Amino acid sequence: MNIYEKCPELENEKFVIRCIQQEDCDDLWKVYSDKNALPFFNSDNCDGDNFYYATKEKMAEAIGFWNMAYKEGWFVRFSIVDKGVSCVIGTVELCLRVSEDVFHNMGILRVDVRSDYEQQNMLYDIFSLVTPKIEEMLGCKGVLTKAPIYAVERIEAIQKVGFTRSEHLLTGKTGYGYDGYWTIK
């Protein structure tokens with residue numbers, strides 16, 4: 001399967017994870033303008049973007065960039081749809097890491113959700129839906145995700161999925177070492 005030829009759709013009892021659409025803008029603006037969610041977003045190595053968008057126009061620009069990045073094969077950004085309320089409550093981003101550190105050829109998994117979804121049970125449902133499919137979708141040798149020490153609910157969720165804390169720093173484009181990564185192989 002080539003994720004950049006056909007965007008997969010994943011589904012469980014609570015969520016549908018599908019490619020992002022411009023029509024998701026209003027719902028996603030509620031995620032990316034949520035100051036309480038911002039500390040949980042992984043913006044490491046993202047050229048200064050912290051993923052806080054104060055206006056719907058900025059959100060629409062970000063969605064446009066994410067769609068262009070998908071077409072170019074840089075990364076894929078999925079929308080997370082809560083089936084119970086029929087709205088987008090966050091995103092999943094996947095990409096293959098090419099580097100000279102221990103994380104070379106691993107899939108990077110970013111999960112951004114509204115602050116009211118930053119709960120162990122909700123995050124577990126999302127991570128357990130996506131994680132088992134990443135190696136097949138990206139052709140990678142393992143998966144890494146970020147969970148800072150204060151992300152207690154997120155850490156509980158990813159540990160339940162099988163992630164373990166990495167002792168290594170992720171080396172960024174500028175040589176900066178980022179901490180807080182968890183891996184599963």
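Residues numbered from 1 in each chain as written. Predicted model: local features only at pLDDT ≥ 70, side-chain atom pairs only at ≥ 80, totals over all residues. Heavy atoms only, no water.

**Overview of the overall build of the protein chain**
Right, so step 1: Scanning the protein chain from terminus to terminus reveals 4 helices and 10 strands.
Right, so step 2: Listing every helix and strand of the protein chain by position from the N terminus yields β-β-α-α-β-β-β-α-β-α-β-β-β-β.
Right, so step 3: Over its C-alpha trace the protein chain gives a radius of gyration of 15 Å, about what one expects of a compact globule, namely 16 Å for 185 residues.
Right, so step 4: Overall, the protein chain is about 40 × 35 × 35 Å in size when its C-alpha atoms are taken along their principal axes.
Right, so step 5: Put simply, the protein chain has 185 residues, and 52% of those count as buried.
Right, so step 6: Across the protein chain, every contact between residues at least 6 apart in sequence was considered, and the portion connecting residues at least 24 apart equals 64%.
Right, so step 7: Here the protein chain displays about 9,000 Å² of accessible surface, and carbon together with sulfur accounts for 50% of that area.
Right, so step 8: Counting 21 positive and 29 negative side-chain charges, the protein chain places the averaged centre of each group 1 Å from the other. (Helix = DSSP H or I, 4+ residues; strand = E, 2+ residues; numbered from the N terminus. Rg over C-alpha atoms; globule rule 2.2 N^0.38 Å. Buried < 20%, exposed > 50% of the residue type's maximum accessible area, 1.4 Å probe, protein only. Contact = heavy atoms within 4.5 Å. Areas by Shrake-Rupley, 256 points an atom, 1.4 Å probe, with all protein chains shown as cover. Lys, Arg positive; Asp, Glu negative; His and termini not counted. Charge placed at Lys NZ, Arg CZ, Asp CG, Glu CD.)

**With respect to the sheet that holds strand 4 (residues 87–96)**
Right, so step 1: On the basis of which strands lie adjacent, the open sheet formed by 8 strands has the order 1-2-3-4-5-6-10-7 and mixed pairing. Only two strands of the sheet have a single neighbouring strand rather than two, namely strand 1 (10–11) and strand 7 (164–165).
Right, so step 2: With 5 bridges joining them, strand 2 (residues 15–19) and strand 3 (residues 76–82) adopt antiparallel strand pairing. The residue bridging Phe15 from the neighbouring strand is Asp82, located in strand 3.
Right, so step 3: Against the sheet, helix 1 (residues 25–32) touches strand 3, strand 4 and strand 5 (107–113), its axis set at about 80 degrees to strand 4.
Right, so step 4: In the packing of helix 4 (residues 152–161) onto the sheet, the strands contacted are strand 5, strand 6 (143–146) and strand 10 (181–184), and the crossing angle to strand 10 comes to about 15 degrees. (Pairing = 2+ DSSP bridges. Axes fitted to C-alpha atoms, helices over the stretch in contact; angles between N-to-C directions.)

**Side note on helix 3 (residues 120–138)**
Right, so step 1: The end-to-end C-alpha distance of helix 3 is 26 Å, a good match for the 27 Å that 19 residues give at a rise of 1.5 Å each.
Right, so step 2: When the local axis directions of helix 3 are compared, the greatest deviation, roughly 35 degrees, occurs at Pro132.
Right, so step 3: Turning to helix 3, its buried residues are Gln120, Met122, Leu123, Asp125, Ile126, Phe127, Leu129, Val130, Thr131, Ile134, Met137 and Leu138.
Right, so step 4: Positive phi shows up at Gly139, right after helix 3, with a value of about 70 degrees. (Expected span 1.5 Å × (residues − 1). Bend = angle between axes of the 7 residues up to and from the residue.)

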